[in-house]
Amino acid sequence: MPRLARALVRSGLLLIAASVVIFLCTAALPGDAADALGGGRATPEELARLRAEQGLDRPLHIRYLDWLSGVLTGEPGASLITGRPVAELVAQRAGVTVALAGAALAVSVPLTAALSWAAVSGPRRLRSAVNALIVAGAALPQAVVAAALVAWLSAAWGWFPPVSMLPAGEPPWRRPDLLALPALTLALPAAAYGAALLRGAIADVLARPYVRDAELRGLSPVTIGLRYVLPMVAAPATRLLAVLLGGLVAGTAVAETLFGLAGLGELLVTAISTRDVPVVQSVAILAAAVVVAGLFAADTAAPRLHPKAARP
Amino acid sequence: MHPQLRRRSAAIVTAVALLTGCAATKPAVTSSPAAGTSTGTIRYAAPGSPSNAVTDPHGLLPGESDVVRMALTYDVLTVPGADGSSRSRLATAWEPDATLTKWRITIRGDATFSDGRKVKAADALFSLRRMGKKAAENFGRMAMFDLDASKVIDDTTFELVTKKPYAEVGKALEGATFVVPEGIDDFTKPVPGSGPFRPASKGGAQAVVFERNDDWWGPKPTAKVIEVRAVPDPQARAQALLSGQVDLAGGVPATLAKQQEGNSAVRLLRRPGATLYPLVMRMDTKPFDDLRVREAVRLALDRKQLLDTVFLGYGEIGNDLITPKDPTSPKNLPQRTRDLARAKQLMSEAGLAGGIDLTLHTTTAYPGMDSAATLISQQLAEIGMKVKVSVEPADTYFSAVYARKPFYLSYLGGIPFLDVVRVTLTPGSPTNETAWKDPAWSADLDKALAEPDDAERRALLADLQTQLRDQGGYAIWALSDRLDLAKAGLSGVPEGIGFASAFIDQVSLDG
């Protein structure tokens, strides 16, 4: 199936390009892991020795290729700061981040649909209110959302604890009470952002002559929605879903830190601050892979969802 | 932590404080019974990052949670006592020869590693040598020893050789000398320790679970299990305690501590003098090469205002002594106070009556350090110094600013005088941040360390600290308390600062 093969190759190239960009960005930051280990109190000779021990004195392209071959053979190396295998660090945290992003996705998908529908086809008053909400929600930093959620759902109403200390050795999905606030912190701005992108697509479809025609023929809004609108927005919605999911996976850092969860986002942010390149590379490429896989799925599914789109 | 995230954390702290101003009086939200307490388990939220959790006890220990985990797993040779003197732990005696260069260290014979092997002198010396090899990552903690010349005498004694006469070996062996089995170099897999607790396999990134080691030689801990959790955000640590998810929260923000005064469900633990943000003035760079300018800066600071603003009053004003809680710190010195007239006079004597432009570097990595810089710049404006505050990214502050810029706020937390000397007051060292190089002072230091009489030596060391206070490049304007929040029934939390605070094996919870 040449079409599928092309899409696969494209996804692979995208990932490689992303990994190069991530690598170069991390390398361009001032300081390196040896500086972090020395804590600002090591002599230049000691730092040079640390760099040699960690292979940081090798040329940039060699270090990159070394990492790449490691990833391809399933051994992404070890953290420069803690010496622990990257695979172990990621595996220990993946459950928390997947549970968090999954819960956020479960909230944000229906919310995105509801918001974008209400924004273009609700009664006039509701429309302007929802549109204002979308703009405000998409612009709100996660920290503010978190603060508001803690103030209302925790301090005032006592529904959920204000931070989420997951019990040691217990899978995160067993404690939905601890995931609720961080998941909502991720989901609410994501849903607003998603609706901001999707409402335009829905408005376009609603303006098409055949939809007007269907309205004039007296079809119910539900029938119009399911029969005429959904097929047309399915393709952009799937792509949006891929982007949202990538954003949720990559955007967990703030929520994890504020609520005290040890997940991939917190790992990425800490690794960037200590210039722990193998960890940064591996976590960032994992987030990129989620987006690329999502887009791949969306691209592959698009012709099926909307047969007309496949025809020129 | 990422500076962006810092700012966001600060934003949430402010927002939560505003939105929940009355929350202090309400019953705290408790998590479901599944996470509830049993008196056998004590849960500690310590400052640190789960992502940086190291396994090697001899390298850099980036967070306090790392030191706490190591101190539960391994025995150390000596520990700092509450009064700052060295107390016996695995080492029961440390005795010098007449030259103070050869020390006979005796370790207890009844300690065993978790694999059943006895802890021997060879293990201890091996561990010290390993620390020596990792000097770059532990601030050269073994720099005073000639470890190659040192040797094992028998199962419980070894001879430790110092490079120069060094009377404070007990102190040099404090806190970080984690003893591991001889020959072990790979710490990515669990390594047998002989400490009061043993890491259980249950755990992972969220928290590390420690089970009591019933074979430990020391006083039997009351807690059966201690759970250590690294939580980077101070606000999150405090909220974890207030919502009943942990029993002890280390290093909580002063704003939150203030709100909890009067809440009988929690106890605020204060450790005086735990943290300093010294104002560094580099003595080989204009205008700080002139003692009169350094003195003018010290006299221009309004210490009380800084203490009240930066640390919300949780602490005490500084007297420019770099290690005021060290047992050798001079007592009975007059408190330095603000004297603008004298400061202005010194400025004009230094030829700077017309003022001078300066840049003061600071960062947001430590709570209040940026506001401290702003306030200092306002205070120094009154003696004609036009100080521009430059807020630097937190993650490169130590590599781009420490010992590189001539004027900045540094950070010291509970470090003994001789440790500060080794790292920042050794002439010619690249980490000598104030460019302190007085040959007479260094010679007096050697003389003090070669003085076998304790009282005599303390007097000499005190005198060195007084000279540094008056001549050196540091202005120490205040000392902040370390603030911990504990559940009302919790006791046994160590009182000391620095390494002393890591030894939590005797914590206990009644009820």
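Residues numbered from 1 in each chain as written. Chains lettered and ligands numbered in written order. Predicted model: local features only at pLDDT ≥ 70, side-chain atom pairs only at ≥ 80, totals over all residues. Heavy atoms only, no water.

Chain B goes by Peptide/nickel transport system substrate-binding protein in an unreviewed UniProt entry, where it is assigned to Nonomuraea polychroma.

In this section: the overall build of chain A. Summing up its helical and strand segments, chain A has 14 helices and 0 strands in all. What you see in chain A, going N to C, is helices and strands ordered as α-α-α-α-α-α-α-α-α-α-α-α-α-α. By its C-alpha atoms, chain A is 80 × 55 × 35 Å across when sized along the principal axes. A total of 312 residues make up chain A; the buried ones form 50% of that total. Excluding contacts between residues fewer than 6 apart, the proportion of contacts in chain A whose partners are at least 24 apart in sequence is 71%. When the accessible surface of chain A is summed, it comes to about 14,200 Å², and 70% of that surface belongs to carbon and sulfur atoms. The averaged location of the 18 negative side-chain charges in chain A is 18 Å from the averaged location of its 25 positive side-chain charges. (Helix = DSSP H or I, 4+ residues; strand = E, 2+ residues; numbered from the N terminus. Buried < 20%, exposed > 50% of the residue type's maximum accessible area, 1.4 Å probe, protein only. Contact = heavy atoms within 4.5 Å. Areas by Shrake-Rupley, 256 points an atom, 1.4 Å probe, with all protein chains shown as cover. Lys, Arg positive; Asp, Glu negative; His and termini not counted. Charge placed at Lys NZ, Arg CZ, Asp CG, Glu CD.)

The number of helices and strands found in chain B is 14 helices and 22 strands. Rg of the C-alpha trace for chain B: 24 Å, near the compact-globule value of 24 Å for 511 residues, within the 12% margin. Viewed in the frame of its principal axes, chain B has a C-alpha envelope of about 70 × 65 × 35 Å. Within the span of chain B, comprising 511 residues, buried residues form 59% of the whole. Once local pairs closer than 6 in sequence are excluded, the contacts in chain B between residues at least 24 apart make up 71%. Surface accessibility of chain B: about 19,300 Å² in total, with carbon and sulfur atoms responsible for 53%. When the 60 positive and 60 negative side-chain charges of chain B are each reduced to one mean point, those points stand 4 Å apart. (Rg over C-alpha atoms; globule rule 2.2 N^0.38 Å.)

The subject of this paragraph is the interface of chain B and chain A. Counting residues at the interface gives 61 residues for chain B and 57 residues for chain A. Applying the counting rule to chain B against chain A returns 0 salt bridges. Our count for the contact surface shared by chain B and chain A stands at 10 residue pairs in polar contact (both at pLDDT 80 or more). Where the side of chain B that touches chain A is concerned, the elements lending two or more residues are α1 (3-19), β8 (197-203), β10 (225-230), α5 (234-242), α11 (397-400) and α12 (417-424) of chain B. (Salt bridge = Lys/Arg side-chain N within 4 Å of Asp/Glu carboxyl O. Polar contact = N/O pair within 3.5 Å; in protein donor to acceptor, adjacent residues only side chain to side chain.)

This part is about the packing of helix α8 (residues 176-206) of chain A against helix α10 (residues 221-250) of chain A. Residue and element names in this part refer to chain A. Running from N to C, α8 and α10 cross one another at 155 degrees; their axes reach a closest spacing of 10 Å. Between α8 and α10, the crossing angle belongs to the class labelled roughly antiparallel. As for how α8 packs across α10, the hand of that crossing is right-handed. Within the contact between the two elements, α8 uses Leu186, Ala190, Tyr193, Gly194, Leu197, Leu198, Ala201, Ile202, Val205 and Leu206 and α10 uses Tyr228, Val229, Met232, Val233, Pro236, Ala237, Leu240, Leu244 and Leu248. (Axes fitted to C-alpha atoms, helices over the stretch in contact; angles between N-to-C directions. Parallel < 35°, antiparallel > 145°, perpendicular 65-115°, else oblique. Left-handed = near helix turned anticlockwise from the far one by under 90°.)

Moving on, we come to the sheet that holds strand β7 (residues 157-161) of chain B. All names here are of chain B. With respect to topology, 4 strands assemble into an open sheet ordered β4-β5-β7-β6, the strand pairing being antiparallel. On the outer flanks of this sheet lie β4 (91-96) and β6 (151-154), each paired with one strand and no other. Each adjacent strand pair in this sheet contributes to an overall mean axis angle of 25 degrees, direction not counted. Bridging between strand β5 (residues 102-107) and β7 involves 5 bridges; their strand directions are antiparallel. (Pairing = 2+ DSSP bridges.)

Residue and element names in this part refer to chain A. Together, Ile16, Val20, Leu24 and Leu60 give the surface a local cluster of nonpolar side chains, amounting to about 300 Å² of exposed area. In terms of residue count, helix α1 (residues 2-28) provides more of the nonpolar patch than any other element does, 3 residues in total. With relative accessibility at 31%, the residue valine 20 sits in the partly exposed group. (Patch = residues over 30% accessible without salt bridge, like charges linked within 9 Å, V, L, I, M, F, W, Y side chains within 5 Å.)

Turning our eyes to something else, we now look at the nonpolar core. Core analysis: the biggest nonpolar cluster contains 137 residues, and Leu160(B) and Trp477(B) have the highest contact counts within it. Ignoring any residue separated from it by four or fewer positions in sequence, one finds Leu160(B) in contact with Thr101(B), Lys102(B), Trp103(B), Ile105(B), Leu125(B), Leu128(B), Phe145(B), Leu147(B), Ser150(B), Val169(B) and Leu173(B). (Core = buried A, V, L, I, M, F, W, Y, C linked by side-chain atoms within 4.5 Å.)

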